[in-house]
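Structural characterization, general
So you can see what is in the structure, the chains are spelled out below.
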Amino acid sequence: MELEMTIKRFYVLVATLCCAVLLSGCAVNGQGPSFSEAQAKNYVKGKAVVYVYRKYAEPTAWGGTIRFDKEEVATLHQGAFTWAYLGSGKHTIRAVWPVISAQKDSLIELDIEAENTYYIELTGISRSTFAGVVPGVGVMLNIQMGSGLNEINPIAAEAIVSTCCKFQQPRISEY
């Protein structure tokens, strides 16, 4: 009887994972103008241009909300980027994921210098590495989760963003 219940739980778990995989295909991709059409054209005195892009980051079904310090800038889906002007000094850039995604938030602290350009890449992993019945233990599920924000060399990042990503309008363009 106990083995029968464990097997039923395993099938429920497999069905849940299959649904999650199918739903992740419903992710929204960036749908705005290209990088060449939407890149920052000028500097604002005393501010830097900070780009944040998401070429590919799991989980694919949800957007990661980007915050400069505590201000919400934009929500980035696959293949999207945004940019805003950020004043000189120390700043925290954070990616916040919906609770339902189970993804971990990430942050990077930068010392921003005016009239410079910064590129930050949002990355993430969300993978099931094991699902099965372990004798004497029951149903086991092992999931790797994690996200990151990484500063990328501007020349390399510009080449990536120009081919992968569409512009997502920021809520406010100066912070």
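Residues numbered from 1 in each chain as written. Predicted model: local features only at pLDDT ≥ 70, side-chain atom pairs only at ≥ 80, totals over all residues. Heavy atoms only, no water.

**Details of the overall build of the protein**
Our working rule: Helix and strand labels come from DSSP, where a helix needs a run of H or I of at least four residues and a strand needs a run of E of at least two; each type is numbered from the N terminus. In this scheme, a residue with accessible area under 20% of its type's maximum is buried, one over 50% is exposed, and one in between is partly exposed, where area comes from a 1.4 Å probe on protein chains only. Residue contacts are defined here by distance: any two heavy atoms, one from each residue, within 4.5 Å place the two residues in contact. Using the Shrake-Rupley algorithm and a 1.4 Å probe, accessible areas are obtained, with residue cover drawn only from the displayed protein chains.
When helices and strands are tallied, the protein shows three helices and nine strands. Along the protein, from the amino end to the carboxyl end, the secondary structure elements read α-α-β-β-β-β-β-β-β-β-α-β. In the protein, which comprises 175 residues, the share counted as buried stands at 37%. Taking the contacts inside the protein whose residues are at least 6 apart along the sequence as the reference set, 72% of them involve residues at least 24 apart. In the structure as shown, the protein presents an accessible area of about 9,900 Å², 57% of it carried by carbon and sulfur atoms.

**Considering the sheet that holds strand β7 (residues 117-134)**
Put simply, the rule is: Should DSSP find at least two bridges between two strands, the strands are taken to pair. Every axis corresponds to a line fitted to the C-alpha atoms, with the helix fit spanning only the stretch in contact, and the corresponding angles, defined between N-to-C directions, vary from 0 to 180 degrees.
Taken in spatial order, the five strands of this open sheet run β8-β7-β1-β4-β9, and their pairing is mixed. The outermost strands of the open sheet, each flanked by one partner alone, are β8 (138-152) and β9 (166-167). When strand β1 (residues 47-54) meets strand β4 (residues 80-87), the two strands line up antiparallel, connected through eight bridges. Following the sheet pairing, Lys47 is matched in β4 by Gly87. Its contacts with the sheet place helix α3 (residues 154-164) against β1, β4, β7, β8 and β9, and it is angled at close to 65 degrees to β7.

**Observations concerning the sheet that holds strand β5 (residues 89-96)**
Read from one edge of the open sheet, four strands run β3-β2-β5-β6, paired in antiparallel fashion. Among the strands making up the open sheet, the edge pair consists of β3 (71-76) and β6 (106-112). In this sheet, neighbouring strand axes are inclined to one another by 20 degrees on average, regardless of whether the strands run parallel or antiparallel. As judged from the four bridges shared by strand β2 (residues 64-68) and β5, these two strands associate in the antiparallel manner. Within β5, the position partnered with Arg67 by the bridge is Arg94.

**Description of the state of the cysteines**
Applicable threshold: Criterion for a disulfide: a pair of cysteine sulfur atoms at a distance within 2.5 Å.
Taken as a whole and judged by the stated rule, the model has one disulfide. Between Cys164 and Cys165 runs a disulfide, and the two sulfur atoms are separated by 2.1 Å. As the torsion about the S-S bond is roughly -70 degrees, the Cys164-Cys165 disulfide counts as left-handed. With relative accessibility at 4%, the residue Cys165 sits in the buried group.

**Structural notes on the nonpolar core**
Spelled out, the test is: In plain words, nonpolar cores are sets of buried Ala, Val, Leu, Ile, Met, Phe, Trp, Tyr and Cys residues tied together by side-chain atoms within 4.5 Å.
Val50, Ile66, Phe68, Ile93 and Ile120 are the most contacted members of the largest nonpolar core, which totals 23 residues. Mapped by element, the contributors of at least two residues to this core are β1, β2, β3, β4, β5, β6 and β7. Filtering out sequence-adjacent residues up to four positions away, Val50 remains in contact with Phe68, Thr82, Trp83, Ala84, Leu86, Ile93, Ile112, Tyr118 and Ile120. Counting 14 residues, the second-largest nonpolar core is a separate cluster that includes Phe35, Tyr53, Trp83 and Ala157.

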